[in-house]
Amino acid sequence: MTVEARPLVLGNWKMNLTAREAVAYLRDLLPRVSGYADREVAVAPPFTALPAVAPLLKESPVGLAAQDLFWESEGAYTGEISPLMLQDLGVTYVLVGHSERRRHLGETDRMVNQKVLAALRSGLRPVVCVGEQEAARASGRARSVVRSQLLRALSEVPRGEASSLAIAYEPVWAIGTGRAATPADVSEMHACIRSELQRVYGEAGGAVRILYGGSVSGGNIDAFMESPGVEGVLVGGASIRLDDFARIVGFRRPA
Ligand code: PEP
């Protein structure tokens, strides 16, 4: 089994744009990112904008993603959003374990695992975020940190579900800092993630897309997409800058 052929460009809008602003932005963006058959594009607006943007995206080739989910389907979990609620809105992808949630909201590997399992049970496609802190890279522990996050996040995910997953390698020090990792370092980490996926899932581990995230911009996208093992990108800040995101989606790769 080979990696899903089309690379994925996924925009994480984080806590930005009201529902009205989100619709206005998409009206400008969609004509500029909809003409590509060889790449997949999706956006992850905040929860409050999902119902407003869902009908617009339904008529377009751009997919709908959510930034998080809770692991129960319903019940006394004030403030949380269930997988069923997302599915009901036409959400396809859901980010799980973004480092901003790990850092500001105390999300643990165990919680990330519960969310991954819940997403899969509801037919959502989790994009599992992993990445080391700067200190771990400086001390040569980047690979072991990422390997451990990955294995804990995917605990009990059966082989038959592997093809629904994507992994986003996002070094924490590169997120929102303007200091992207080097394409060579990214390729090396992606190879490490790929080998873990294949060790656990065999051939099915070869079908999981591995994305890079961390200060991706219109200026560096081509270098990342040319790098071995990069099967897409998770874009934060630049995803709500119209020209930048359109340029990222329009990345060029050598034939
Ligand atoms: C992100 O939010 O996942 C991200 C990579 O952010 P940025 O592109 O702003 O670094």
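Residues numbered from 1 in each chain as written. Predicted model: local features only at pLDDT ≥ 70, side-chain atom pairs only at ≥ 80, totals over all residues. Heavy atoms only, no water.

J.: Tell me about the nonpolar core, and please be specific about residues and values.
T.: Core analysis: the largest hydrophobic core is formed by 67 residues, its most contacted members being Val 116, Leu 154, Ile 167, Ile 193, Leu 197, Tyr 212 and Phe 245. Not counting chain neighbours up to four residues away, the residues in contact with Tyr 212 comprise Tyr 169, Pro 171, Ala 174, Ala 180, Ala 181, Val 186, His 190, Phe 224, Val 230, Gly 232, Val 233 and Leu 234. Within the second largest apolar cluster, 13 residues are counted, among which are Leu 10, Ala 44, Tyr 93 and Leu 234. (Core = buried A, V, L, I, M, F, W, Y, C linked by side-chain atoms within 4.5 Å. Buried < 20%, exposed > 50% of the residue type's maximum accessible area, 1.4 Å probe, protein only. Contact = heavy atoms within 4.5 Å.)

J.: Just give me the short version of the site of the ligand, but keep the residues and values in it.
T.: For the ligand, the set of nearby residues contains 14 residues, the closest of which are Lys 14, Glu 170, Gly 176, Ser 215 and Gly 236. Here an oxygen atom of the ligand and a side-chain polar atom of Lys 14 are 2.8 Å apart. Interatomic distance of 2.8 Å between a side-chain N/O atom of His 98 and an oxygen atom of the ligand. Calculation on the ligand without its partners gives an accessible area of 290 Å², and the protein chains cover 96% of this total. At a threshold of 2 Å from the grid points, most atoms of the ligand map onto the second largest pocket. (Near = heavy atom within 4 Å. Polar contact = N/O pair within 3.5 Å; in protein donor to acceptor, adjacent residues only side chain to side chain. Areas by Shrake-Rupley, 256 points an atom, 1.4 Å probe, with all protein chains shown as cover. 1 Å grid on protein atoms, 1.4 Å probe; cavity = no way out; pocket = protein on both sides within 12 Å on 5 of 7 lines; lining within 4 Å. Sits in = over half its atoms within 2 Å of the grid points.)

J.: Give a description of the state of the cysteines that names residues and reports values.
T.: Taken as a whole and judged by the stated rule, the model has 0 disulfides. Unpaired in terms of disulfides, Cys 129 finds its nearest cysteine sulfur in Cys 192, a separation of 17 Å. In this structure Cys 129 comes out as buried when scored by relative accessible area, which is 2%. Take Cys 192: its relative accessible area is 5%, and that puts it in the buried class. (Disulfide = S-S within 2.5 Å.)

J.: Mind laying out the pairing of strand 3 (residues 63-66), listing which residues take part and the relevant values?
T.: The two faces of strand 3 match: Gly 63 and Ala 65 on one face and Leu 64 and Ala 66 on the other face are all buried. Two elements, strand 2 (residues 40-44) and strand 3, share 2 bridges in a ladder whose sense is parallel. Each residue of the ladder has a partner; that of Ala 42, found in strand 3, is Gly 63. With respect to chirality, the unit in which strand 2 leads through helix 2 (residues 50-58) into the neighbouring parallel strand 3 is right-handed. Two strands pair when backbone bridges link them, and strand 3 and strand 4 (residues 93-96) are joined in this way by 2 bridges, in the parallel orientation. Each residue of the ladder has a partner; that of Ala 66, found in strand 4, is Val 94. Note on the crossover from strand 3 through helix 3 (residues 83-88) to strand 4: the handedness is right-handed. (Helix = DSSP H or I, 4+ residues; strand = E, 2+ residues; numbered from the N terminus. Pairing = 2+ DSSP bridges. Right-handed = clockwise from strand over helix to strand, strands pointing away.)

J.: Give me the lowdown on the environment of Ser 60, citing residues and values where you can.
T.: Relative to the elements of secondary structure, Ser 60 occurs in the loop between helix 2 and strand 3. Owing to a relative accessible area of 17%, Ser 60 belongs among the buried residues under this scheme. Spatially, the C-alpha atom of Ser 60 lies 9.7 Å from that of Val 33, the residues being 27 residues apart in sequence. Polar contacts involving the side chain of Ser 60 include one to the main-chain amide nitrogen of Val 62, which spans 3.0 Å.

J.: Can you explain the pairing of strand 8 (residues 232-235)? Please cite residues and give values.
T.: Side chains on a regular strand alternate between the two faces of the sheet. Neither face of strand 8 is exposed, since Gly 232 and Leu 234 on one face and Val 233 and Val 235 on the opposite face are all buried. As defined by bridge partners, strand 1 (residues 8-12) adjoins strand 8 across 4 bridges and the pair is classed as parallel. Bridge pairing in strand 8 places Gly 11 opposite Val 235. Pairing geometry for strand 7 (residues 209-213) and strand 8, over 2 bridges, is parallel. What sits directly across from Tyr 212, in strand 8, is Val 233.

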